[in-house]
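Spelled out from the first residue to the last, the chains are:
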Amino acid sequence: MNLQNAEFLISAAGQRDFPRDRLPQIAFAGRSNVGKSSVINRLLCRKNFARVGAAPGKTTHINYFKIDGKAYFVDLPGYGYAKVPKAEKERWGRLIESYFAQPDLLTLGILIVDARHRPTANDCTMADWFKQSGRPFVVAANKLDKLKKSELEGNLALIREELELDDNVKLIPFSAENGTGREALLSEIERHIAGRSDAI
Ligand code: GDP
């Protein structure tokens, strides 16, 4: 898969906008500012493709990127903005719900958390969405470059425990800043895309 060949497809506001052409969908989720856009950009070797530092108020769309005509990267709206009005939080909930209401859309979920911190209650809720989908998901612990080496093992254990991850759920230390973990995450993505294509 040629990751350089990526194009923005659609900003989906609801069910009717979701592509249903059976191409694999890799869905990225994370709280606002965790570095979700930066992770997507790092995977695609782009600087400003998925928009870094997206403002509150942009949380109610699901952005679809088509990768080399072979798969979609699905940028689920970030959560946990402090200043978002209740009505928008509810819209976020309805949009996520409508995406997960069609679990056959999802090939692989990628939950991005902050490697430095205990996962938030919202992170746990998002992990539950992925678990309940019945589809595979992985967790990327981003901003690894901001962590002391001695803290890594303990933090990963805490993340695994708080999110109540099964042993078969991969937890990948990642840095969108310096590229650590890129190969590991890409190989998970490619493995699941290959698995899906065989199944069609
Ligand atoms: P999003 O809101 O989840 O899409 O987060 P962004 O991609 O906009 O990133 C939020 C901020 O975190 C930006 O200032 C990024 O430069 C920074 N950032 C993202 N990933 C990393 C990382 O791995 N390491 C460091 N040090 N900063 C990061």
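Described below are features of the structure shown in this document. (Residues numbered from 1 in each chain as written. Predicted model: local features only at pLDDT ≥ 70, side-chain atom pairs only at ≥ 80, totals over all residues. Heavy atoms only, no water.)

To continue, consider the overall build of the protein chain. When you go through the protein chain residue by residue, the secondary structure sums to 5 helices and 7 strands. What you see in the protein chain, going N to C, is helices and strands ordered as β-β-α-β-β-α-β-α-β-α-β-α. Its C-alpha atoms give the protein chain a radius of gyration of 16 Å, within 12% of the compact-globule value 16 Å for 200 residues. Counting only C-alpha atoms and orienting by the principal axes, one finds that the protein chain spans roughly 45 × 40 × 35 Å. Counting every position in the protein chain, which comprises 200 residues, the buried fraction comes to 50%. A separation threshold of at least 6 residues defines the contact pool for the protein chain, and within that pool the share at least 24 residues apart is 76%. When the accessible area of the protein chain is evaluated, it comes to approximately 10,000 Å², of which 48% is carbon and sulfur surface. When the 30 positive and 25 negative side-chain charges of the protein chain are each reduced to one mean point, those points stand 6 Å apart. (Helix = DSSP H or I, 4+ residues; strand = E, 2+ residues; numbered from the N terminus. Rg over C-alpha atoms; globule rule 2.2 N^0.38 Å. Buried < 20%, exposed > 50% of the residue type's maximum accessible area, 1.4 Å probe, protein only. Contact = heavy atoms within 4.5 Å. Areas by Shrake-Rupley, 256 points an atom, 1.4 Å probe, with all protein chains shown as cover. Lys, Arg positive; Asp, Glu negative; His and termini not counted. Charge placed at Lys NZ, Arg CZ, Asp CG, Glu CD.)

Moving on, we come to the pairing of strand 3 (residues 62–67). Walk down a regular strand and you will see the side chains alternate between the two sheet faces. Here strand 1 (residues 6–12) runs beside strand 3; their pairing, made up of 6 bridges, is antiparallel. Note that in strand 3 the partner of Ser11 across the bridge is Asn63. Across 5 bridges, the pairing between strand 3 and strand 4 (residues 71–75) is antiparallel. Considered in strand 4, the bridge of Ile67 is made with Ala71. Connecting strand 3 to the next strand, strand 4, in antiparallel fashion are 3 residues, including Asp68 with a positive phi near 55°. (Pairing = 2+ DSSP bridges.)

Our next topic: the sheet that holds strand 6 (residues 137–142). Taken in spatial order, the 7 strands of this open sheet run 1-3-4-2-5-6-7, and their pairing is mixed. Two strands bound the open sheet, and with one partner strand each, they are strand 1 and strand 7 (171–173). Pairs of neighbouring strands in the sheet enclose a mean axial angle of 25°, with direction left out of account. Sheet topology places strand 6 next to strand 7; 3 bridges connect them, and they run parallel. Counterpart to Ala141 in the pairing with strand 7 is Pro173. Relative to the sheet, helix 2 (residues 86–100) contacts strand 1, strand 2 (25–30), strand 3 and strand 4, its axis offset from that of strand 3 by approximately 40°. Along the sheet, helix 4 (residues 152–162) contacts strand 5 (108–114), strand 6 and strand 7; its crossing angle with strand 7, the most-contacted strand, is approximately 145°. (Axes fitted to C-alpha atoms, helices over the stretch in contact; angles between N-to-C directions.)

A few words on the packing of aromatic side chains. Tallied over the entire structure, the rule returns 11 aromatic pairs. Aromatic side chains Phe49 and Phe65 sit 5.0 Å apart centroid to centroid with 45° between the ring planes, which places their arrangement in the tilted category. Of the two residues, Phe49 is situated in the loop between helix 1 (36–44) and strand 3 and Phe65 in strand 3; the sequence distance between them amounts to 16 residues. Every member of this aromatic cluster is reached through a ring pair, and the members are Phe18, Tyr64, Tyr72, Tyr99, Phe100, Trp129, Phe130 and Phe137. In this arrangement the basic side chain of Arg46 is found over the ring face of Phe49, its NZ or CZ atom lying 4.5 Å from the centre. (Phe/Tyr/Trp six-rings, centres within 6.5 Å; stacked < 30°, edge-to-face > 60°. Lys NZ or Arg CZ within 6 Å of the ring centre and 35° of its normal.)

All quantities given are derived from atomic positions and should not be read as evidence of function.
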